[in-house]
Amino acid sequence: MIAEAGLAALWLAAALALLQLGLGALALRGHAALGPAVRPVAVVQGALVALAFALLILVFLRSDMSVALVVENSHSAKPWLYKFAGTWGNHEGSMLMWVTILGLGGAAVALLERRLDQRTAIATLAAQAAIGLGFYAFLLFASNPFARISPAPADGHGLNPLLQDPGLAFHPPTLYLGYVGLSIAFSYAVGALITGQVGPTLARAMRPWVLGAWILLTLGITAGSYWAYYELGWGGWWFWDPVENASLMPWLAATALLHSVTVLATRAALRAWTVMLAVVAFSMSMIGTFLVRSGILTSVHAFAVDPRRGSFILVLLAIYIGGALALFALRASSVREGAPFEPVSREGALVINNLLFSAILGIVLTGTLYPLAVETMTGEKLSVGAPYFDATAGPLALALVVVMAAGPLLRWRRDELKALAVRLAIPAAVAIVAIAVVFLLLPVAGVLPRLGLIFAAGIAIASVAPLAGRNLRRTPLHIWGMVIAHFGIAVSLAGMASESAFTRETLVAARPGETLAVGPWSVRFVGVEPVAGPNWTAIRAKLEARRGDTLLTLAPEARMFNAPPTETTESAIATRPTGQLYTVLGKSDGDGRWQLRLWWKPMVTLIWAGGALVAIGGALALLGRLRRERRREAM
Amino acid sequence: MKPKNQRLALLLLAVVAVLGAALLAMSGLRQQASYFYAPSDVVRDKLPVGREVRLGGMVVKGSLRHARDGVTIDFRVTDGMKTVPVRFRGIAPDLFREGSGVVAEGTFQSDGRFVADNLLAKHDERYMPPQLAGAMHKTGKVR
């Protein structure tokens, strides 16, 4: 019964989305009396789709083996956390989560939006319903999560062991909230284009949603990077894998949008451009979903290879992106000219920021889609990897952090280059000291890591410079947010550069009792023992790492899962204030020796600490903006 | 500057930036895009010595040899028509085994040997790398 109730709720939600779109369209075409009905419909639609998702979770928790999806992706012996998170560890469940967030986003807009005029708000909700309809159709016609199977088998096939990780409970929901948060920015942009109300009010209404989505994307990417780092056991933190790019591209667009929305809100400039970016940002979310879910890429994220589903998403993509761009082309002339501004000013720097972000986005998009396009057209197979992205996006990213250092030190409207030079003197001096240090102490490191360390030192100082001369207790929260987020970028950059410049590696086959050296550590291989978990067995190695008086114990494992039968390596990582010791247990040679791979990675944790700081900065900015709005409303 | 002119200037700047990015991307792709090779491509084409490429196929049964250091392996990769010798130093992925599919990332040496710095193994029946599936189709060796 639960599965049928879920399916019914899903159909009802889809019908309400259609109603929401129809009511909205009629209200805008002169039947203004219908307008007030749109918001309640959006709220009920969100509630119904949330109910459908909750029922699917319940089906998974109860291990109902008469539901095909549970049989294919779950197993009754799984720990409850993975039954719960396994709900979205598959194609159908993750698409249901996607529309649930879409529906809840629409409901949130309906409940919270008070700034926009009535017509634009209705057009926004109609646009959100139009997006929802496509994905409802996709679920109901091509990927029904509630389909029954008869006769019901005794037990399920289990979940891919790589996904049996606590990260599965947080990583997909976080990223999806970010992806789908951008749908709200998209709907606002479309709504404002329809009614011709593109201006500072739109920017202020859109900004909290963009900020929220951006914070979650930042967290999702940071967490995904750490997950790949410890779970894959390869010691790398970013692989330029198409799946990673699929999450990076919306982030790049959202970061550009975040900055241009500020220009629109403060200076009423960059009107058409901001609307365009909002369209691009959600388009990137959809392209990301298409890449990840269609099965044209091979990865832990590609759940099922069914070409029909891929084509379905591709058609949806074409309709939404094409439709929004056509609307833009038709209505762009109705968007009023933005206010003019001087090239040397805060808004000038933000324009350069936007151009650089767009260029990097273009490069990543090209590198991700090019192999697919070539294969489709010529059948030739090629892969684009780290060498391409490092060589093309790397220099642009370094240019971007220079603009990031200078931009916040410029005044709005108009400023002088000389004044900027004075304000940048101290950061530049620090960078020059860093140049001396880096070139004297690191004769062997590559060019990019060296530049990274130098830039990190300079921008770390420059990012806190906007606080100079301010009364810190009276500094608005959103300024603190900007400073912390920019400082986080410097921290992250330092971690990346340090990781690639200073990492030490040891790879050997060792007998129990042997002592190995990696960087400043001496590591004794004590021995191996068999261990068992709820649904796996493993060989666990015991390592004792010593450095001076510090003694650490590490226990990397090679695991064997029962259902489906799969081996995985579980790395053991010891975190010290100065870096991480990363150990992986390989295979036995059958003669008493075990493969061991040891890395000493100085300061590597800064990469993710920086990402967390960026997100915290975003959260502070969001809080500050919301508080300020409330105060303005109260007055 | 008049607003009209400024809009035009901004537009030009954006066009220049996009074109620049596209040119950069294209030149990068020409230099860096690594091609996917099946063993029979290797024998037919000129060897791309020293360039990062991918080699895909099945690990020949009985070809796996462990070197004395315990972390280097030698094996042969086939697509059903030709085979290529491969050397890899590191911890082979869990699903790497004889008779199973593999994609090796690395470089060809002038003697025809492939030195891999990374191995990607087929995860399970549901996770056949599409590139490998394609290479197998080409030679009609799909199971």
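Residues numbered from 1 in each chain as written. Chains lettered and ligands numbered in written order. Predicted model: local features only at pLDDT ≥ 70, side-chain atom pairs only at ≥ 80, totals over all residues.

**Some remarks on the overall build of chain B**
Helix and strand counts for chain B stand at 3 helices and 7 strands. Ordered by position in the sequence, the α and β elements of chain B form the string α-β-α-β-β-β-β-β-β-α. Residue pairs at least 24 apart in sequence account for 52% of intrachain contacts in chain B once pairs closer than 6 positions are excluded. (Helix = DSSP H or I, 4+ residues; strand = E, 2+ residues; numbered from the N terminus. Contact = placed C-beta atoms within 7 Å.)

**Regarding the packing of helix 15 (residues 425–441) of chain A against helix 16 (residues 447–464) of chain A**
Residue and element names in this part refer to chain A. Interhelical geometry of helix 15 versus helix 16 gives an angle of 155 degrees and a closest axis separation of 8 Å. Taken together, the axes of helix 15 and helix 16 lie roughly antiparallel to each other. Note that helix 15 runs across helix 16; the crossing there is right-handed. Mapping the contact onto sequence places Ile 426, Pro 427, Ala 428, Val 430, Ala 431, Ala 434, Ile 435 and Val 438 in helix 15 and Arg 450, Leu 453, Ile 454, Ala 457, Gly 458, Ile 459, Ile 461 and Ala 462 in helix 16. The class makeup of the residues in the contact of helix 15 with helix 16 is 14 nonpolar, 1 polar and 1 charged. (Axes fitted to C-alpha atoms, helices over the stretch in contact; angles between N-to-C directions. Parallel < 35°, antiparallel > 145°, perpendicular 65-115°, else oblique. Left-handed = near helix turned anticlockwise from the far one by under 90°. Nonpolar A, V, L, I, M, F, W, Y, C, P; charged D, E, K, R; others polar.)

**Some points on helix 16 of chain A**
Working note: α-helix, 3.6 residues per turn, so residues spaced by three or four point in the same direction. Residue and element names in this part refer to chain A. With 18 residues, helix 16 extends 26 Å from end C-alpha to end C-alpha; this agrees with the ideal 26 Å at 1.5 Å per step. Residues of helix 16 that are buried include every one of Gly 452, Leu 453, Ile 454, Phe 455, Ala 456, Ala 457, Gly 458, Ile 459, Ala 460, Ala 462 and Ser 463, and no others. Buried residues along helix 16 sit against helix 13 (386–406), helix 15 and helix 17 (477–502). (Expected span 1.5 Å × (residues − 1). Buried ≥ 20, exposed ≤ 12 C-beta atoms within 10 Å, placed from the backbone.)

**A word on the confidence of the model for chain B**
All names here are of chain B. Chain-level statistics for chain B give a pLDDT mean of 75 and a share of 73% at 70 or above. Contacts from residues 123–143, a stretch scored under 50 in pLDDT, to residues over four places away or in other chains number 39 contacts. Predicted complex metrics record ipTM = 0.74 and pTM = 0.89. (pLDDT = per-residue confidence, 0-100.)

**Observations regarding unusual backbone geometry**
All names here are of chain A. Cis geometry marks the peptide bond from Ser 150 to Pro 151; its omega dihedral reads -5 degrees. Mapped onto the fold, Pro 151 is located in the loop between helix 6 (118–142) and helix 7 (167–195). Despite not being glycine, Leu 270 shows a phi value in the positive range, around 60 degrees. Position of Leu 270 relative to the elements: it lies in the loop between helix 9 (242–267) and helix 10 (271–293).

**As for the nonpolar core**
Ranked by size, the top nonpolar core spans 182 residues in total, and within it Ala 185, Val 210, Ala 253, Ala 254, Leu 257, Ala 278 and Ala 281 of chain A carry the most contacts. In terms of domain composition, this core takes at least three residues from each of domain 1 (1–164) and domain 2 (424–463 + 480–496 + 606–635) of chain A. Excluding anything up to four places from it in sequence, Val 210 of chain A contacts Ala 185, Ala 254, Leu 257, Leu 258 and Val 261 of chain A. Residues Val 518 and Phe 525 of chain A together with Val 42 and Ala 92 of chain B belong to the second largest nonpolar core, which totals 45 residues. (Core = buried A, V, L, I, M, F, W, Y, C linked by C-beta atoms within 7 Å. Domains from an automatic or database assignment.)

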